[in-house]
Amino acid sequence: MKNPDVFRRTVAGLALFAWPLFEFLAFLTSPPDADHDPDIFRTHATSVQVSALLYIWATLSLIPVILGLAHLLRERAPRAGGIGAALGLVGAGHGLTLFTTDFYDLALALSLSDAQAKAITKQVGEMPGFVFGMLLPGFLLHIGLYTLLITLAVVRIAPWWVPVVALVGTVVPFVTMGQPPVVQSTGALLHLATYGWIGLRVLRMSEAEWRGGVGEVRAPLPGRA
């Protein structure tokens, strides 16, 4: 705490490892169903709560991740870094609200019949305020993150495989929806490889590099993005 730069760099570096680890554990402990079926939620009541909390902690960890990635771009691509950070933080904020719905779905499954619980969940999912005010804005998180990651590759702070592999890690849970949790969790391992690469580099940075003179991965930088 005596050196704010070291503190911020350490928090950002650790968060780059923490968020994919929380994501991996969240998928691994999630119930074996993608539709929030009341019967499955009742059967796996404990894992539903654990998984929901892990998703929330993962999303909370993304806040210092986003700020840290934007900080790395403050000198070389401040506009792209600012846009990516703004979109990412708005998306993360909405993501936090979305993951709390697991607790409400569990409460409905424990209190009502399956038909009533499904009817209420369906009704909420059709409300414009939920769809356009909570659900869709949550996807801004992905747009913000990949704006930051692609820009890091453009200015050669990170290699090009980082945003590519990270994107595959994001797509995996969507294309394996309905598969066992252990299959869906493999996407988080790809995130661990990519964000962990950046996190390790951040933790090894000198104070001068963290303040703006970040070394390049390859050749000299052509200019600002």
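Q: What should I look at first to understand the overall build of the chain in this one?
A: Helix and strand counts for the chain stand at twelve helices and zero strands. Its helices and strands taken in sequence order, the chain reads α-α-α-α-α-α-α-α-α-α-α-α from the N to the C terminus. By its C-alpha atoms, the chain is 65 × 35 × 30 Å across when sized along the principal axes. Per-residue burial for the chain yields a buried fraction of 41% across its 225 residues. If you take every contact in the chain between residues at least 6 apart in sequence, the share linking residues at least 24 apart comes to 78%. Here the chain displays about 11200 Å² of accessible surface, and carbon together with sulfur accounts for 69% of that area. For the chain, the separation between the mean place of its 15 positive charges and that of its 14 negative charges on side chains is 16 Å.

Q: When you look at the layout of surface pockets in this model, what are you seeing that I'm missing?
A: Sizing a probe to match a water molecule and rolling it over the atoms shows the empty space that remains. When its volume is computed, the largest pocket comes out at roughly 1500 Å³. Around the largest pocket sit 46 residues that line it, and His36, Tyr55, Leu98, Phe99 and Leu135 are the ones nearest its centre.

Q: Honestly, helix H5 (residues 101–111) in this entry has me stumped. Any pointers?
A: Since the α-helix advances by 3.6 residues per turn, residues separated by three or four positions end up pointing in the same direction. What H5 keeps buried is the set Asp102, Asp105, Leu106, Leu108 and Ala109. Across the axial projection of H5, the buried residues extend over an arc of 160°, all falling on one side. Among the exposed residues of H5, those pointing more than 90 degrees away from its buried face are Tyr104, Leu110 and Ser111.

Q: Looking at this structure, I do not really get the side chain of His191. What am I missing?
A: Summarising the element assignment, His191 is placed in helix H11 (residues 186–204). Under the relative-accessibility criterion, His191 is labelled buried at 2%. Reaching out from His191, the side chain makes a polar contact with the side chain of Thr170 at a distance of 3.0 Å. Among all residues touching His191, those that are not within four sequence positions of it are Trp19, Pro20, Glu23, Tyr146, Ala166, Gly169, Thr170 and Gly196.

Reading guide: rules and limits
Along every chain, residues carry numbers that run from 1 in the direction the sequence is written. Note on the predicted model: pLDDT of at least 70 is required for a residue's local features to be given, and 80 or more for side-chain atom pairs to be given and counted; whole-chain, interface and lining totals, by contrast, use all residues. As a convention, hydrogens and water are excluded, and side-chain values are obtained from all of the structure's heavy atoms. Secondary structure is summarised from DSSP: a helix means a run of H or I of at least four residues, a strand means a run of E of at least two, and numbering begins at the N terminus for each. Exposure categories follow from relative accessible area, calculated using a 1.4 Å probe and restricted to protein chains: below 20% of the type maximum is buried, above 50% is exposed, and the middle band is partly exposed. By the convention used here, residues are in contact when the closest approach between their heavy atoms is within 4.5 Å. Per-residue and other accessible areas were derived by the Shrake-Rupley procedure at a 1.4 Å probe size, with only the shown protein chains allowed to occlude residues. Charge convention: Lys and Arg are scored as positive, Asp and Glu as negative, and His as well as the terminal groups of each chain are ignored. By convention, charge coordinates are those of NZ in Lys, CZ in Arg, CG in Asp, or CD in Glu. Cavity means a closed set of points on a 1 Å grid over the protein atoms alone, one where a 1.4 Å probe fits but cannot get out, pocket means an open set with protein on both sides within 12 Å along at least 5 of 7 lines, and lining means a residue has an atom within 4 Å of a point. Grid points are joined across faces, edges and corners, and a volume is the space filled by probe spheres set on the points. The arc in question is traced by the directions running from the helix axis to the C-beta atoms. Two N or O atoms count as a polar contact when they lie within 3.5 Å, although within protein this holds only if one can serve as hydrogen donor and the other as acceptor, and sequence-adjacent residues are included solely when both atoms are side-chain atoms.

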